Amino acid sequence: SPIPAPDLKSCSKATKTGSKDVVEYSCCPPTPKELNNIPYYNLPPMSKLRKRPVAQDVTKEYIAKYELATKRMKELDKDDPRSFMQQANIHCAYCNGAYKFGDEVLQVHNSWFFFPFHRWYLYFYERILGKLIDDPTFALPYWNWDHPKGMRLPPMFDRETTPLYDARRNPHVRNGTIIDFNSPRDEVITNVGQTVTNNLTLMYRSMITNAACPLQFFGARYVLGNNDSKGQGTIENIPHTPVHIWAGTVKNTDLGGGKLSLGEDMGNFYSASLDPVFYCHHANVDRMWKVWKGLGGKRRDIIDPDWLNSEFFFYDENKNPYRVRVGDCLDTKKMGYDYAPAAIPWINFRP
Ligand code: C2O
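Fair warning: this is a prediction, and the values are worked out from it, not measured in the lab. (Residues numbered from 1 in each chain as written. Predicted model: local features only at pLDDT ≥ 70, side-chain atom pairs only at ≥ 80, totals over all residues. Heavy atoms only, no water.)

Peer 1: I'd like a rundown of the pattern of salt bridges, residues and numbers included.
Peer 2: A full pass over the atoms with the stated rule returns 22 salt bridges. With a shortest N-O distance of 2.6 Å, aspartate 135 and lysine 65 are connected by a salt bridge. In this pair, aspartate 135 is assigned in the loop between helix H3 (114-132) and helix H4 (192-209) and lysine 65 in helix H1 (residues 60-75), connecting sequence segments 70 residues apart. Owing to a relative accessible area of 11%, aspartate 135 belongs among the buried residues under this scheme. With a shortest N-O distance of 3.9 Å, aspartate 338 and lysine 333 are connected by a salt bridge. (Salt bridge = Lys/Arg side-chain N within 4 Å of Asp/Glu carboxyl O. Helix = DSSP H or I, 4+ residues; strand = E, 2+ residues; numbered from the N terminus. Buried < 20%, exposed > 50% of the residue type's maximum accessible area, 1.4 Å probe, protein only.)

Peer 1: Lay out empty space enclosed by the protein in plain terms, naming residues and giving numbers.
Peer 2: According to the stated counting rule, one finds two cavities of 30 Å³ or more in the structure shown. Considered as a void within the structure, the largest cavity measures approximately 110 Å³ in volume. Taken together, 15 residues make up the lining of the largest cavity; nearest its centre are Pro29, Gln86, Ile90, Phe313 and Tyr315. Mapped onto the lining of the largest cavity, the elements with two or more residues apiece are helix H2 (84-95) and strand S6 (311-315). Residue contributions to the lining of the largest cavity peak at six residues, all from H2. In terms of residue class, the lining of the largest cavity is built from 12 nonpolar, three polar and no charged. (1 Å grid on protein atoms, 1.4 Å probe; cavity = no way out; pocket = protein on both sides within 12 Å on 5 of 7 lines; lining within 4 Å. Points joined across faces, edges and corners; volume = space filled by probe spheres on them. Nonpolar A, V, L, I, M, F, W, Y, C, P; charged D, E, K, R; others polar.)

Peer 1: So what's going on with the nonpolar core? Which residues, and what values?
Peer 2: Formed by 107 residues in total, the largest nonpolar core has its most connected members in Tyr94, Trp120, Met207, Trp307 and Phe312. For tryptophan 307, the contacting residues outside a window of four places in its chain are Trp112, Phe113, Pro116, Phe218, Trp289, Asp301, Ile302, Val326 and Leu330. (Core = buried A, V, L, I, M, F, W, Y, C linked by side-chain atoms within 4.5 Å. Contact = heavy atoms within 4.5 Å.)

Peer 1: Residues and numbers for the layout of surface pockets, please.
Peer 2: Of the volumes computed, that of the largest pocket is approximately 420 Å³. Every residue lining the largest pocket is counted, 21 residues in all, and those nearest its centre are Arg185, Ile245, Leu262, Gly267 and Asn268. Residues belonging to the lining of the largest pocket are distributed by class as follows: six nonpolar, 12 polar and three charged. Estimated volume of the second largest pocket: approximately 310 Å³. Lining the second largest pocket are 20 residues, and of these Pro44, Ser47, Arg50, Arg127 and Pro136 lie nearest its centre. Here the lining of the second largest pocket takes four residues from H3, the largest share from any one element. Within the lining of the second largest pocket, the residues separate by chemical class into seven nonpolar, five polar and eight charged.

Peer 1: Describe the packing of H3 against helix H7 (residues 277-293), and please don't skip the residues or the numbers.
Peer 2: Contact geometry of H3 with H7 gives a least axis separation of 10 Å together with a crossing angle of 125°. What the angle tells us is that H3 and H7 run oblique. In terms of crossing hand, the pair formed by H3 and H7 is left-handed. Contact residues: Phe114, Phe115, Pro116, His118, Arg119, Tyr121, Leu122 and Tyr125 in H3; Phe278, Tyr279, His282, Ala283, Val285, Asp286, Trp289 and Lys290 in H7. Residue composition of the contact of H3 with H7, by class: 11 nonpolar, two polar and three charged. (Axes fitted to C-alpha atoms, helices over the stretch in contact; angles between N-to-C directions. Parallel < 35°, antiparallel > 145°, perpendicular 65-115°, else oblique. Left-handed = near helix turned anticlockwise from the far one by under 90°.)

Peer 1: How would you summarise the environment of alanine 342 if you had to cite specific residues and measurements?
Peer 2: Residue placement: alanine 342 occurs in the segment after strand S8 (337-339). In this structure, the C-alpha to C-alpha distance between alanine 342 and histidine 147, residues 195 residues apart in sequence, is 8.7 Å. Those residues in contact with alanine 342 that sit more than four places away from it in its chain are Val54, Tyr142 and Arg287.

Peer 1: Got a sec to walk through the pairing of strand S7 (residues 321-325)? Specific residues and values, please.
Peer 2: Pairing between S6 and S7: five bridges, direction antiparallel. Opposite glutamate 311, over in S7, you have arginine 325 as the bridge partner. Connecting the antiparallel pair S6 and S7 is a turn made up of five residues, with lysine 319 showing a positive phi of about 65°. (Pairing = 2+ DSSP bridges.)

Peer 1: Kindly report on the state of the cysteines, identifying the contributing residues and their values.
Peer 2: Here the structure, examined in full by the defined rule, presents two disulfides. At a sulfur-sulfur separation of 2.1 Å, the disulfide partner of cysteine 11 is cysteine 28. The chirality of the disulfide connecting cysteine 11 with cysteine 28 is left-handed, given an S-S dihedral of about -95°. Taken together, the residues span a long stretch of sequence, with cysteine 11 in the segment before strand S1 (50-52) and cysteine 28 in the segment before S1 at a distance of 17 residues. Judged by its relative accessible area of 14%, cysteine 11 falls in the buried class. Between the sulfur atoms of cysteine 27 and its disulfide partner cysteine 92 the distance amounts to 2.0 Å. With the S-S bond torsion at 70°, the cross-link from cysteine 27 to cysteine 92 turns out right-handed. Of this pair, cysteine 27 sits in the segment before S1 while cysteine 92 is found in helix H2, placing the two residues 65 residues apart along the sequence. With respect to class, cysteine 27 is no different from cysteine 92; both count as buried. For the protein chain, the disulfide bridges join cysteines in the arrangement 1-3, 2-4, where the cysteines are counted in sequence order. Cysteine cysteine 280 shares no disulfide, and the gap to the nearest cysteine sulfur, in cysteine 95, comes to 19 Å. (Disulfide = S-S within 2.5 Å.)

See the structure below:
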């Protein structure tokens, strides 16, 4: 059967990925007043589509708005479910063992929940940002690492004094360093041209060769009571995970705030979304879902009711708690947003 929205009453301690260390603070969301009657979310009628722009192409004005919205989010009271910390903790709660069904730990990665969970997550994050600057058309930028121009940290995240900067990011990702999807830990790239070609070839593999049918792309089936059949989808595996590892610290770095040993921020589930670039990275992951469906063949959404009827819990931009369904997030336009078009050069990089 489908997984229900997590039971908030039993939300408890989270554990850092790859260790036995407990997260020092609670990742659980504020408790809603009506704990037992959390309503279903209905997609609001749409007035104007939010168009998510390419992160490399945005204007100064756009960046200023995005910074202001993020700043305001960081300034909200820490108990406000819309605050930056609470938003980051959503990822921690869903990925580090805070939610359980009986003895079973909820984990939205490594399975077919990867795409729909993050889609809903970004959906509310984006609406909150828009609300905080009074702009219902505000749309998150997407980091198009699937294009040679996008295979580096988008510059707006690399300015130290802005709210989009994260001091706990790996310093080697700064100043336009290119990413290698194959070895994200390598600090020195000797042959940029070759690395770009390899990355594009890996994109082709994750989108086409190895993702001819739904479960390959989305990831392994996961139903209530069966959380062991783990398997990442092709995009989750590459390049999604390498981008996280690349931006996170290497073991035992001390950036001034004490030793980090678990890849913080981007390289560990509990801390990943403490880096504002997380949402820009995931916007492109989300875009890949849409692009993949347009590639033809058997590339379609899953029709299994256990997937479609699974649920998550989120607060919206007005601090109201909701249950959302996987089946309601399959069409970005119905959700009120879309992606600015961009070339997909990897389509010509059959291995
Ligand atoms: Cu929830 Cu990119 O991880």
